[in-house]
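Descriptive structure summary
For reference, the chains in residue letters:
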Amino acid sequence: MLRVISSLKENGKQLKLSSYKIRTKDDNFVFLDTYGIPLKNNEGIYAILNIAKDITFLKNINLKLQVSENKLDKICESIPLGFHLYSLKPDRKLVFIGSNIAANEILKVDCSKFIGMTIEEAFPPLMKTDVPQKYKEIAKNGGIWKWDQIDYNDKIIKGAYEVIAFQISKNEMVASFRDITQLFKDREKLQGSEEKLIKLNKRLEETILKQTREFNESEKLYKSFFDDSPIAIIIMEMNLQFLITNVAFNKAFGYLEDDIIGKNIKEFCFYSPQSFDTFIKSIQVLKEKLIPLSFEAEIYKKDNTLANVLVRMNIISLKNLKLIELMLQDITELKESEENFKIITEQSFMGTLIIQNEKILYINKAVSDINEYSIEVMLNWSKHRFFQNIHPEDRAIAMDRFEKRMKDSLKVYDPYLYRFISKSGNIKWINIYSKTIQYHGKKAILITLIDYTDKNLAEEELKKSEEKYRRLFESSKDGIAMTDLEGNFIDANKAFLDMLDFNKDNLKQINFNQIISTDINIFDMSIQNNEIFIKNYFQEFENVLTKKNGDTIPVNIKIWIKTDIDNNISGFWSIIRDITQKKKEEKLREEFRQSLEEEVSKRTQQLQESIERQNLYQAEIIKVSKFKSQFLATMSHELRTPLNAIIGFTELLLEETFGPLNKEQNEYLLDIKTSAEHQYDMISNILNITQLESGQIILNKQKFSLKTILDQINSTLKPMYTKKKLLFLIKGLDEDIEIYADPIRFKEILLNLLTNAIKFTIDGEIYLTIKEYFDKWMFKVKDTGIGIAHKDFNLIFKDFTRIDSTYVRSTPGTGLGLSLTKRLIELHNGTITFSSVLGVGSTFTLFLPKKSKKLDVII
Ligand code: ADP
């Protein structure tokens, strides 16, 4: 005060206003601006007139602004987003004016050194991009610009950054950014691993296809054999469950697939009880020894008749499964009339006998005439005893042919000449003819014998037979060899010699045991184990033989006994078949199976690993995105509160409640108000979207009157459309209706669409049409505005995206309205679509379900 007085004295007037903080009576403070006018008389100043103006209110606003600015500063300094502040100078240069701490940390340089530089000087690589231009536009015109990735490298600062640039006040803008190098790398990694996976997948598919093709070839062979075979085949699993039968089986035995497939033989058994026992025993042997087996069985057909069947069993490998293959051959021939048969045969000069189950069941007098034994004696004979009548040299053939006849592998009419030895030791030449017949419901062999002992006749027949035998022996494709009891070779056919590269002379010097790759003497084994005695037939096994040059070949060997005239074992017959091809196929199948298994397990592991990697990346991305949403939600909220105060107080000032404003003051306050409102809108939208994303928005659905809401909407929009001289019409709402939705959100949706329509229409009209469907409401907002180009259709629902056109730039907006609207509609289980023609207008159509079927969920 003293200073004021002395200045008044000196200058004769007060040069500027003085401000005072004065304590009032009630202990509060007021702020005053004072101006002193000197009152003078002749003696000079005799008093001072003091005019005081209460400026407490203005001071308070300033204080509040200060507080909110401090808050903003604090946020800026503590968030993990880098901020660069720029100012657009009148010469159109964009000058760096400041940054926050996070900016230094993200870029790893002290950004304060850029202060005062133009953007091009501070960040030279940006010169090549349109970034400076974009920033300048934002600083000047406002708006928001988001870039997913700016690759930057000036040797000191390097990396990929996500940037959001926005205006903070006229000619000032902020570029906020975060480092997404790692995110980007992760994304690339993810992409890389995906590509690898696709490639791998393709390769694997190709291999599998190729191998499946190869496998199919060999499987096809088996399948055609299976389907076309005249022999009935059944495939069973190792646990004796029926897996599949072929057509021949179904035809021969009358069973349908449904009768049998999927059942276990224990619950569905077509064997007679006795045959079932044999079957179970044979299965055990098959599983232990893994060699093919055969046995005769009685099988009930579907019509309950009994059939005699030869069952051959084998274990086959299909893919990686082991299965049992049963081949059933009906060996029953037509039943003949026993009576007729007896009448004829008893008078016949032809010897006739019937052998069934290894026993002689019927024999006539003519046989007794030939071998001099009585019928009674012979009826107690077994089959083997009967064969002892045959000369030892002919016996093996006779037995082989008998077995073949049993299996129906002899021609129907194929007689053979043998030497028989009679009770008194005479040799008789007997022509034998055999045939399978049905005897007492079971298969039997009928043998007829004709005495050919008349020398000439016999010799001629013998010659013929020997020739035939020789021819057979020599022309057989299988190797046939004859050895003595120790295994020394006596004779062998050409096929056998060719197979091993021997000639007849070398053969005489070697023993069968020398060329077979087993330590056991196979002939000893054959005698000990074997069914040769029991069945008087052959033993069959697979082994490997060594050729003359040392190479080996896999073979299937059948051995049976050769006896001499006194029925002593004198040696062995062997039939050897080259199974190289079969082995190769088996090996191939095994190899393929193994490689497939390996490939599949390798691939499964790779897949597992890559899934784990993907899960990790995904978890990381989800974490980052959640953090972002939560951070933005909190930040937006914090930013919105001080803005409310700014807008509120600015409005109060503008209404001149606290005194008149001059032109400049009015203009600046309007600027503050528009910028703050723009910022408020943007922050509200961000807050809404992030709350939606982080699942914080829950709909509060209820019934409400549509008309009431539309009235509210109309009064909000009225100033906007009247100012632009546009017509706004609501169609289709003749009477009030009730809608079930969240009223606040519903209002927000319609307001967004209608504000856009008004904003982007220069002249013409805006229609809101309401229509009711069976289960939904339709709301259509149609305008005659600037329209949207087809190429921009995919942009408009994206966050922060506005269409790049002069008109759009001239309107305020954040590019968030439609994306928020769409999310809110979807939260209501509704849909939104639009159509638009550039320069003609746009129509946005939204459908809301009348009542959602689902419970309202938190998204
Ligand atoms: P904002 O209106 O804040 O720019 P929106 O998300 O609401 O953001 O809209 C995105 C953009 O879609 C707008 O910037 C504008 O380019 C375009 N758009 C929206 N509605 C219309 C309309 N009715 N006519 C023409 N363009 C529109």
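The text that follows walks through the structure, step by step, so that each part is easy to find.

Rules used throughout
- Residues numbered from 1 in each chain as written.
- Predicted model: local features only at pLDDT ≥ 70, side-chain atom pairs only at ≥ 80, totals over all residues.
- Heavy atoms only, no water.
- Helix = DSSP H or I, 4+ residues; strand = E, 2+ residues; numbered from the N terminus.
- Buried < 20%, exposed > 50% of the residue type's maximum accessible area, 1.4 Å probe, protein only.
- Contact = heavy atoms within 4.5 Å.
- Axes fitted to C-alpha atoms, helices over the stretch in contact; angles between N-to-C directions.
- Left-handed = near helix turned anticlockwise from the far one by under 90°.
- Nonpolar A, V, L, I, M, F, W, Y, C, P; charged D, E, K, R; others polar.
- Salt bridge = Lys/Arg side-chain N within 4 Å of Asp/Glu carboxyl O.
- Patch = residues over 30% accessible without salt bridge, like charges linked within 9 Å, V, L, I, M, F, W, Y side chains within 5 Å.
- Areas by Shrake-Rupley, 256 points an atom, 1.4 Å probe, with all protein chains shown as cover.
- Phe/Tyr/Trp six-rings, centres within 6.5 Å; stacked < 30°, edge-to-face > 60°.
- Lys NZ or Arg CZ within 6 Å of the ring centre and 35° of its normal.
- Pairing = 2+ DSSP bridges.
- Near = heavy atom within 4 Å.

Quick notes on the overall build of the protein
- Each helix and strand counted, the protein has 26 helices and 30 strands in total.
- Split into buried and exposed, the 859 residues of the protein put 42% on the buried side.
- Of the contacts formed within the protein by residues at least 6 apart in sequence, a portion of 53% connects residues at least 24 apart.

A closer look at the packing of helix α22 (residues 663-693) against helix α26 (residues 817-827)
- Here α22 crosses α26 at 35°, and the two axes come no closer than 10 Å. In this structure, the crossing between α22 and α26 has a hand that is left-handed. Across the interface between the two elements, Asn685, Asn688, Ile689, Leu692 and Glu693 from α22 touch Gly817, Ser819, Leu820, Arg823, Leu824 and Leu827 from α26.
- Of the residues assigned to the contact of α22 with α26, the class counts are 5 nonpolar, 4 polar and 2 charged.

Some remarks on the pattern of salt bridges
- On inspection of all chains with the given rule, the structure shows 25 salt bridges.
- Of the charged contacts, one joins Arg577 and Asp478 as a salt bridge, the two residues approaching to 2.8 Å between their closest N and O atoms. With Arg577 in strand β23 (residues 569-578) and Asp478 in the loop between α15 (455-475) and β19 (479-484), the pair connects residues that are 99 residues apart, well separated along the chain.
- Its salt-bridge partner being Glu590, residue Arg593 comes within 2.6 Å of it at the nearest N-O pair. With a gap of 3 residues between them, Arg593 and Glu590 both fall in helix α21 (residues 580-654), about one helical turn apart.
- By relative accessible area, which is 35% here, Glu590 ends up partly exposed.
- Each of the salt bridges in this network shares a partner with another, and the network as a whole consists of Glu542, Lys582, Lys583 and Glu586.

Examining a nonpolar patch on the surface
- Together, Leu17, Tyr35, Ile37, Leu39, Tyr46, Leu49 and Ile51 give the surface a local cluster of nonpolar side chains, amounting to about 630 Å² of exposed area.
- Elements that contribute at least two residues to the nonpolar patch include exactly β2 (29-41) and β3 (44-54).
- Position of Leu39 relative to the elements: it lies in strand β2.
- According to the relative accessible area criterion, Leu39 is partly exposed, its value standing at 31%.

Remarks on the packing of aromatic side chains
- For the coordinates displayed, the defined rule picks out 34 aromatic pairs.
- When the centroid spacing of 6.3 Å and the interplanar angle of 25° are considered together, the rings of Phe276 and Phe279 count as stacked. In this pair, Phe276 and Phe279 both sit in helix α9 (residues 273-289), 3 residues apart, roughly one turn of the helix.
- Overall, Phe279 belongs to the buried group, its relative accessible area being 0%.
- An aromatic cluster of three or more residues is present, and its members are Phe242, Phe249, Phe253, Tyr255, Phe268, Phe270, Tyr271, Phe276, Phe279 and Phe295.
- Over the ring of Phe847 we find Lys776; its NZ or CZ atom is 5.2 Å from the centre of that ring.

Things to note about the pairing of strand β9 (residues 232-237)
- The element β9 is largely enclosed, with a buried count of 5 among its 6 residues.
- Here 6 bridges tie β9 to strand β13 (residues 321-330), and the two strands are oriented antiparallel to one another. In the sheet register, Met236 faces β13, and the bridge partner there is Ile324.
- Of the strand pairs in this sheet, β9 and strand β10 (residues 242-245) are connected by 3 bridges, and their pairing is antiparallel. Each bridged residue has a counterpart across the sheet, and for Ile235 the counterpart in β10 is Ile244.
- Connecting the antiparallel pair β9 and β10 is a turn made up of 4 residues, with Leu240 showing a positive phi of about 70°.

Quick notes on the environment of Trp560
- For Trp560, the position within the fold is in strand β22 (residues 552-563).
- Put simply, Trp560 and Ser574 are 14 residues apart on the chain and 6.6 Å apart in space, counted from C-alpha to C-alpha.

Section: the side chain of Asn308
- Following the sequence through the fold, Asn308 ends up in strand β12 (residues 306-318).
- According to the relative accessible area criterion, Asn308 is buried, its value standing at 4%.

Digging into the site of the ligand
- Around the ligand, the surrounding shell holds 21 residues, and the nearest of these are Asn756, Asp783, Arg802, Thr814 and Leu818.
- Here the ligand has 530 Å² of accessible area as a free molecule, and 97% of this is covered by the chains.
- When residues in the shell around the ligand are grouped by element, the largest group, 3 residues, is from helix α24 (residues 743-759).
- Class assignment for the residues of the shell around the ligand results in 10 nonpolar, 8 polar and 3 charged.

With respect to the sheet that holds β3
- Read from one edge to the other, the open sheet built from 3 strands follows the order β1-β2-β3, with strand pairing classed as antiparallel. Only two strands of the sheet have a single neighbouring strand rather than two, namely β1 (18-23) and β3. On average, each strand axis in the sheet is inclined to that of its neighbour by 40°, with strand direction left out of account.
- Alignment of β2 against β3, held across 10 bridges, turns out to be antiparallel. Directly across from Asn41, in β3, lies its bridge partner Gly44.
- Strands in contact with helix α1 (residues 2-11) are β1, β2 and β3; relative to β3, the strand with the most contacts, it is inclined by about 130°.

Note that every value here comes from positions in space, so none of it alone points to a role or purpose.
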